[in-house]
Amino acid sequence: MGDYLLFLAKTVTVLLAVALALGVTAGLVFRLAGAGRRQAPRPSLRVTEVGSRYDKLARDLRSGMVPAGALRAERRRRNREDKARRMGEARAASQGEKPPKPRVFVLSFHGDVRASRVSALREEVTAILMVANDDDEVVVKLQNPGGLVNDQGLAASQLLRLRDHAIPLTVAVDTVAASGGYMMACVADRIIAAPFAVVGSIGVVTQIPNFHRLLDRFGVDVEQFTGGRYKRTVTMLTPTTDEAREKLKEQIEDTHDLFKEFVADHRPQLDLERVATGEYWYGARAIELGLVDELRTSDDYLVAARERADIYEVSYRQPVGMRDRLLGLAGRVAGTSGLQGVR
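Residues numbered from 1 in each chain as written. Predicted model: local features only at pLDDT ≥ 70, side-chain atom pairs only at ≥ 80, totals over all residues. Heavy atoms only, no water.

**Q** How do you make sense of the packing of aromatic side chains when you look at a structure like this?
**A** Each aromatic ring pair is characterised by the separation of its centres together with the angle its planes make. In the structure shown here, the tally under the stated rule is three aromatic pairs. With a centroid separation of 6.2 Å and an interplanar angle of 85°, the aromatic rings of Y280 and Y282 are classed as edge-to-face. You can call Y280 partly exposed: its relative accessible area is 48%. Clustering of aromatic rings is evident, with ring pairs tying together F196, Y280 and Y282. (Phe/Tyr/Trp six-rings, centres within 6.5 Å; stacked < 30°, edge-to-face > 60°. Buried < 20%, exposed > 50% of the residue type's maximum accessible area, 1.4 Å probe, protein only.)

See the structure below:
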C-alpha cells in the first residue's frame, strides 16, 4: 500500500510538472508566432432579447393549430408592435428618459470551487449598473455548490454591488445554491427555488492529506522554515502538532462565524442556530426554514415577467487561450488541499 501511495504521489507530481511545462511552452510558441497567427477573439458582452425566444416557441406551436391567414395577420400586428417598441426605446435613450417598459436583466452563474466565472460576472454587473434604473430588475440564475472562501465571497460581493445601487435583485435556484452558493443567494431581495433544489449548507470545511509518515518510511525529510508562529499550521508534508490542529480549528470556526454574520445581515429573519449547521435542504423544506421565499423555477418566473417587462440575457464572454487552459489544468492537478472552503 505504501509503495502504491508513493507511486501515486510521484505520478501527480509528474503530471503537474508536465502541465506547467506545456503551459510555459505554449506561451513561448504563441509569442513567437506573433502576427503570423490570426488575432484571438476579443472579450465581448452579448445581449439577447429573451422575449423573442418565447414568442418563437409560441409561434411554432400555433403554426400547427391556427389557419395560415390568421397567422399572417398576427405576424403583421406583432411586427408593428415590435417596431413601435424599438422606436420608443430609441427615443427614450436619445433623450435620456426611462424606457417605456421596465427591463429584466438575466445573468447565469455556474459556480465551481474557484468561482471561475466571477471575472465575467464583474463585467456583466458593471455593464448593467451603467444603464439600469430603479424600475429595472436583475435575475441571477444561480447554480453553485460552493468552494473556496475568498473566491465565493468575491462572487457574492459582485451581487452586492447591485443591492448597493438599489437595483432589485432576484436569485433563482433550479438545482443547487449550497454553502458558497447560498452566500451569493442570500444577498438577493428575493430567492426563488425549484422544489428539489439543494439550498443551505452554511458551514466551513477543510481537509488536508498528510504524507509525513509515508515520506519518513522512505527516509525523505521535509524541512520547513517560517517567520511567524502560525505562518503554517497543518500541512501535507510535515508532522502535525496539537497546537497546529487547535489553531486551524480556531480559524475554521472564525470563518464560520463570518459566514453566519454575512447571512444574518442579509436575511435577518433566519434562525441561524437552526440553519447554520452545515446541513442542506431541498427547496420544499428550505422555504419552511426561510432560506428561500418562493417555490418556482426560473423559467416560470421569467415567462411571467414577460407580461410586465422586456427581458434581456446578458453574458460576458472572454475567450480562454491554450496557455491559460494548460495553466488552469496545472492548478487543478495541484488541487486545493489545505484551503478553507465554504461547503
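After that view, the rundown keeps rolling.
**Q** Could you clarify how one ought to interpret the packing of helix α4 (residues 118-131) against helix α5 (residues 149-164) in this entry?
**A** Packed helix pairs are characterised by how far apart their axes lie and by the angle those axes make with each other. Axis separation between α4 and α5 bottoms out at 10 Å; the angle between their running directions is 5°. Considered as vectors, α4 and α5 are oriented roughly parallel to each other. Contact residues: V118, L121, R122, V125, T126, I128 and L129 in α4; L154, A155, Q158, L159, R161 and L162 in α5. When the residues that make up the contact of α4 with α5 are grouped by side-chain class, the tally is nine nonpolar, two polar and two charged. (Axes fitted to C-alpha atoms, helices over the stretch in contact; angles between N-to-C directions. Helix = DSSP H or I, 4+ residues; strand = E, 2+ residues; numbered from the N terminus. Parallel < 35°, antiparallel > 145°, perpendicular 65-115°, else oblique. Contact = heavy atoms within 4.5 Å. Nonpolar A, V, L, I, M, F, W, Y, C, P; charged D, E, K, R; others polar.)

**Q** Which parts of the structure should I look at to understand the side chain of Q158?
**A** Assignment of secondary structure puts Q158 in helix α5. Within polar-contact distance, the side chain of Q158 engages the side chain of R161 at 2.8 Å. Discounting residues that sit within four places of it in the chain, Q158 has contacts with V118, L121, R122 and V125. (Polar contact = N/O pair within 3.5 Å; in protein donor to acceptor, adjacent residues only side chain to side chain.)

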